[in-house]
Amino acid sequence: MTAGTHIIDRGGTSTTVVEIPSEVFFTGMLVALAAGGVAVLTFLALTFVRTWRPATRERLVNRHALRANLVVPEELRPALEHQLAMRVRGGVLGGLVGLTSVLMLVRPWEFPPPSLGLATGPLSFGLAFLGTQVGAIVGGMLARRSMPSRAVVARVTPISLADLVAPAERRMAAVAACVAVALPALLLVVLSLPLADAPESLALSAAPLAFLGLAAGALYLTLPAIADRLARRRALLGDAAALAWSDALTAQSLRDLHWAIAYVGGVAGLSALMVIGTAVPDDSAVASTIWINVSAYASFVLLLVTVALVLVRSPERHVQRTLWPEFAIHPQ
Amino acid sequence: MLVTVSTESATPPYEQIRVQVRDAVASGALAPGAKLPPVRRLAEDLGLAVNTVARAYRELEADGVVETRGRNGTVVSPHGDATERAAQQAATAYVETVRRLGVADDHARALIDAALRT
């Protein structure tokens, strides 16, 4: 391919079109990707190293305390700082593992790279997020500490997922899981119909979206068991304040899993909904365009409304409101 | 329901656990059939030796407050608090005795009050 091709349009105007060789274009893409990767790795490395700084650890504790609306007794602070720092470190390492798996999945160094269609985005996010969450949980488990106290408190009766995660967030994840399972399945059914005529590039998305949807649904079903396991394995041993913070940290991990289900499952389901609109026969192109546009806008609005409805209820304070009202920073 | 073990109390830790579980069963905070945590886990959460918690569970079982079901763990006795049951049986026996003797109910109550004051 050569550069500098002249085109003369109907008005007689001469325009020079610079043709970029494919190799140059994709090399440039790879360089940009590599630069972005280096930036991300640098950020992660700095985050990891900063967890040893006292000022960073103090900020971590204060930020969590304000978010959860839980007081931090001075005798609990060192153990809590260590616990939060280890969670951050575990999250960084787990995130690196997740990002590596994403790279193995999309393989940008190959030409052409493998394509999972519309599932690429949510699948990549899901893998990276899952790595971060598992890493944070493992980091927390390795950081179990006992705090010095005059009394030690233990829970005799178990607590449930409902005690740890606010109803709004649980409902959000439930709806997203249903959407994630139902809509990709519907897409597979639609694509199998004789009159279906979706572009191949989008039809390829169907199976990965269905897989993502099922994964989101399966994760949703296992949440009560995960909650039980995490709650039983206390992060901080000691008095009632230590137990309150153990509950808050467990709740944070569970809340993150709910939001991951909502995002991954919601995007998978709504992406499938849009692709359904492309499966109509060619002579219904207008209907297809309307379907795609309406479903895209409706999905965006639905996302904004859902996030607003959930966050307005301060779900991050659910544990303090329901289990530990006596430890509130700001009484409600 | 939470159990608290004070490290500064003169009461042995196993006795603190035993009393709190017994009182929770009596008040209904622990329902019949409710499962108690495994000995090892409760010991770990409280920072106590396994034998200390095991002793508390043994004494609760001897009092009939809980039952050990092998691999299924320890549960609150489905028949309720044995202490409460024994007290109810004693009260029933007393009522039968005073009625057989022809003692009026008010006088029977006064006799109990007097006995409790001693």
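Since this is a predicted model, take the numbers as computed values, not measurements. (Residues numbered from 1 in each chain as written. Chains lettered and ligands numbered in written order. Predicted model: local features only at pLDDT ≥ 70, side-chain atom pairs only at ≥ 80, totals over all residues. Heavy atoms only, no water.)

**Student:** Break down the domain arrangement of chain B for me, with residues and values.
**Tutor:** By domain assignment, chain B separates into domain 1 (13-76) and domain 2 (82-117). Averaged C-alpha coordinates put domain 1 of chain B and domain 2 of chain B at centres separated by 32 Å. (Domains from an automatic or database assignment.)

**Student:** Explain the confidence of the model for chain B to me, and be specific about the residues and the numbers.
**Tutor:** All names here are of chain B. Within chain B, residue pLDDT values average 87, and 94% of them lie at 70 or more. Mean pLDDT values over the elements of chain B span from 80, in helix α4 (residues 82-100), up to 93, in helix α3 (residues 50-62). For this predicted complex, the interface confidence score (ipTM) comes to 0.70, while the overall pTM stands at 0.79. (pLDDT = per-residue confidence, 0-100. Helix = DSSP H or I, 4+ residues; strand = E, 2+ residues; numbered from the N terminus.)

**Student:** Got a sec to walk through the interface of chain A and chain B? Specific residues and values, please.
**Tutor:** Interfaces are often sized by the accessible area lost when the parts come together. Every contact between the two is made by 16 residues of chain A and, on the other side, 17 residues of chain B. On the chain A side of the interface with chain B, the three residues burying the most area are Arg150(A), Val152(A) and Val156(A), jointly 40% of the side's total. At the junction of chain A with chain B, the criterion picks out zero salt bridges. Examining the composition of the side of chain A that touches chain B, we find that five residues originate from one element, strand β4 (residues 151-155) of chain A, more than from any other. The residue inventory of the side of chain A that touches chain B, partitioned by class, reads eight nonpolar, two polar and six charged. (Contact = heavy atoms within 4.5 Å. Buried area = accessible area lost by both parts, 1.4 Å probe. Salt bridge = Lys/Arg side-chain N within 4 Å of Asp/Glu carboxyl O. Nonpolar A, V, L, I, M, F, W, Y, C, P; charged D, E, K, R; others polar.)

**Student:** So what's going on with the pattern of salt bridges? Which residues, and what values?
**Tutor:** Summed over all chains, the structure comprises 13 salt bridges over all chains. Linking Asp228(A) and Arg232(A) is a salt bridge whose minimum nitrogen-to-oxygen distance equals 3.0 Å. Here the residue Asp228(A) and the residue Arg232(A) both occupy positions in helix α8 (residues 206-232), the gap between them amounting to four residues, near one helical turn. The exposure class assigned to Arg232(A) is partly exposed, which follows from its relative accessible area of 33%. Its salt-bridge partner being Asp106(B), residue Arg109(B) comes within 2.9 Å of it at the nearest N-O pair. With Arg109(B) and Asp106(B) both in helix α5 (residues 105-117), this residue pair falls three residues apart, about one helical turn. Its relative accessible area of 58% is what places Asp106(B) among the exposed residues. Salt bridges sharing partners connect three or more residues here, namely Glu15(B), Arg18(B), Arg55(B), Glu59(B) and Asp63(B). (Buried < 20%, exposed > 50% of the residue type's maximum accessible area, 1.4 Å probe, protein only.)

**Student:** So what's going on with the UniProt feature "transmembrane region" (unreviewed entry) in chain A? Which residues, and what values?
**Tutor:** Residues and elements named next belong to chain A. The UniProt record annotates "transmembrane region" (unreviewed entry) at residues 24-49, 90-109, 121-143, 173-196, 202-223, 259-278 and 290-312. Along residues 173-196, the helical share is 79% and the strand share 0%, with 31 Å between the first and last C-alpha atoms. In residues 290-312, the share of helix is 96% and the share of strand is 0%. The end C-alpha atoms are 33 Å apart. (UniProt positions renumbered as here; feature names shortened; annotations may be inferred.)

**Student:** Lay out the packing of helix α3 (residues 77-106) of chain A against helix α9 (residues 240-278) of chain A with the relevant residues and their values.
**Tutor:** Residue and element names in this part refer to chain A. Between α3 and α9, the shortest axis-to-axis distance is 12 Å and the interhelical angle comes to 15°. In terms of orientation, α3 lies roughly parallel with respect to α9. You can see that α3 and α9 cross each other, and the crossing is right-handed. Side by side, α3 and α9 meet where Leu80, Gln83, Leu84 and Arg87 of the first sit next to Trp245, Leu249 and Ser253 of the second. (Axes fitted to C-alpha atoms, helices over the stretch in contact; angles between N-to-C directions. Parallel < 35°, antiparallel > 145°, perpendicular 65-115°, else oblique. Left-handed = near helix turned anticlockwise from the far one by under 90°.)

**Student:** Give a description of the packing of aromatic side chains that names residues and reports values.
**Tutor:** Overall, the coordinates contain four aromatic pairs over all chains when judged by the stated rule. A ring pair is formed by Trp324(A) and Phe327(A), whose centres lie 5.7 Å apart and whose planes are at 40°; its orientation type is tilted. Just as Trp324(A) is buried, Phe327(A) falls in that class too. Taken together through their ring pairs, the aromatic side chains of Phe125(A), Phe129(A) and Tyr263(A) make up a single cluster. The ring centre of Trp52(A) lies 3.7 Å from the NZ or CZ of Arg89(A), which sits over that ring. When the ring centre of Tyr14(B) is taken as reference, the NZ or CZ atom of Arg55(B) above it lies at 3.8 Å. (Phe/Tyr/Trp six-rings, centres within 6.5 Å; stacked < 30°, edge-to-face > 60°. Lys NZ or Arg CZ within 6 Å of the ring centre and 35° of its normal.)

**Student:** Talk me through the pairing of β4(A); I want residue IDs and the actual numbers.
**Tutor:** Strand residues, when the strand is regular, have side chains that alternate between the two faces of the sheet. Within β4(A), four of the five residues are buried, which leaves it mostly tucked inside the rest of the structure. Of the strand pairs in this sheet, β4(A) and strand β1 (residues 2-6) of chain B are connected by five bridges, and their pairing is antiparallel. Bridge pairing in β1(B) links Val152(A) to Val5(B). (Pairing = 2+ DSSP bridges.)

**Student:** Now, about unusual backbone geometry: what can you tell me, with residues and values included?
**Tutor:** A positive phi angle is found at Asn69(A), which is not glycine, with a value near 60°. By the secondary structure assignment, Asn69(A) is in the loop between α2 (54-68) and α3.

**Student:** Go over the nonpolar core, please, and point to the residues and values.
**Tutor:** Residues Leu80(A), Leu164(A), Leu236(A) and Trp245(A) are the most contacted members of the largest nonpolar core, which totals 41 residues. Taken together, the elements giving at least two residues each to this core come down to α2, α3, α5 (161-164), α6 (167-191), α8 and α9 of chain A. When residues in this core are grouped by element, the largest group, 11 residues, is from α9(A). In contact with Leu164(A), other than residues within four places in its own chain, are Ile159(A), Ala231(A), Asp247(A), Thr250(A), Ala251(A), Leu254(A), His318(A), Val319(A) and Leu323(A). Grouped together as the second largest cluster of nonpolar side chains are 23 residues, Val156(A), Leu46(B), Leu60(B) and Val66(B) included. (Core = buried A, V, L, I, M, F, W, Y, C linked by side-chain atoms within 4.5 Å.)

**Student:** Got a sec to walk through the packing of α8(A) against α9(A)? Specific residues and values, please.
**Tutor:** Residue and element names in this part refer to chain A. Where α8 meets α9, the closest approach of the two axes is 9 Å, and the angle between their N-to-C directions is 165°. Judged on the interaxial angle alone, α9 and α8 are roughly antiparallel. Regarding α8 and α9, the two cross each other, and that crossing is left-handed. Between α8 and α9, the residues in contact are Leu209, Leu212, Gly213, Ala216, Leu219, Tyr220, Leu223, Ile226, Ala227, Leu230 and Ala231 and Thr250, Ser253, Leu254, Leu257, His258, Ile261, Val264, Gly265, Ala268, Ser271 and Ala272, respectively. Class assignment of the residues belonging to the contact of α8 with α9 gives a composition of 16 nonpolar, six polar and no charged.

**Student:** Before we move on, could you go through a nonpolar patch on the surface and cite the residues and values that matter?
**Tutor:** A surface patch of nonpolar side chains, about 560 Å² in accessible area, is lined by Phe300(A), Val301(A), Leu303(A), Leu304(A), Val305(A) and Leu309(A). Following the sequence through the fold, Leu309(A) ends up in helix α10 (residues 285-311). (Patch = residues over 30% accessible without salt bridge, like charges linked within 9 Å, V, L, I, M, F, W, Y side chains within 5 Å. Areas by Shrake-Rupley, 256 points an atom, 1.4 Å probe, with all protein chains shown as cover.)

**Student:** Which residues make up the side chain of Gln83(A), and what are the values?
**Tutor:** All names here are of chain A. By the secondary structure assignment, Gln83 is in helix α3. A relative accessible area of 0% places Gln83 in the buried class. For Gln83, the residues in contact, after removing those within four places along its chain, are Gly140, Ala143, Arg144, Ala235, Leu236 and Leu249.

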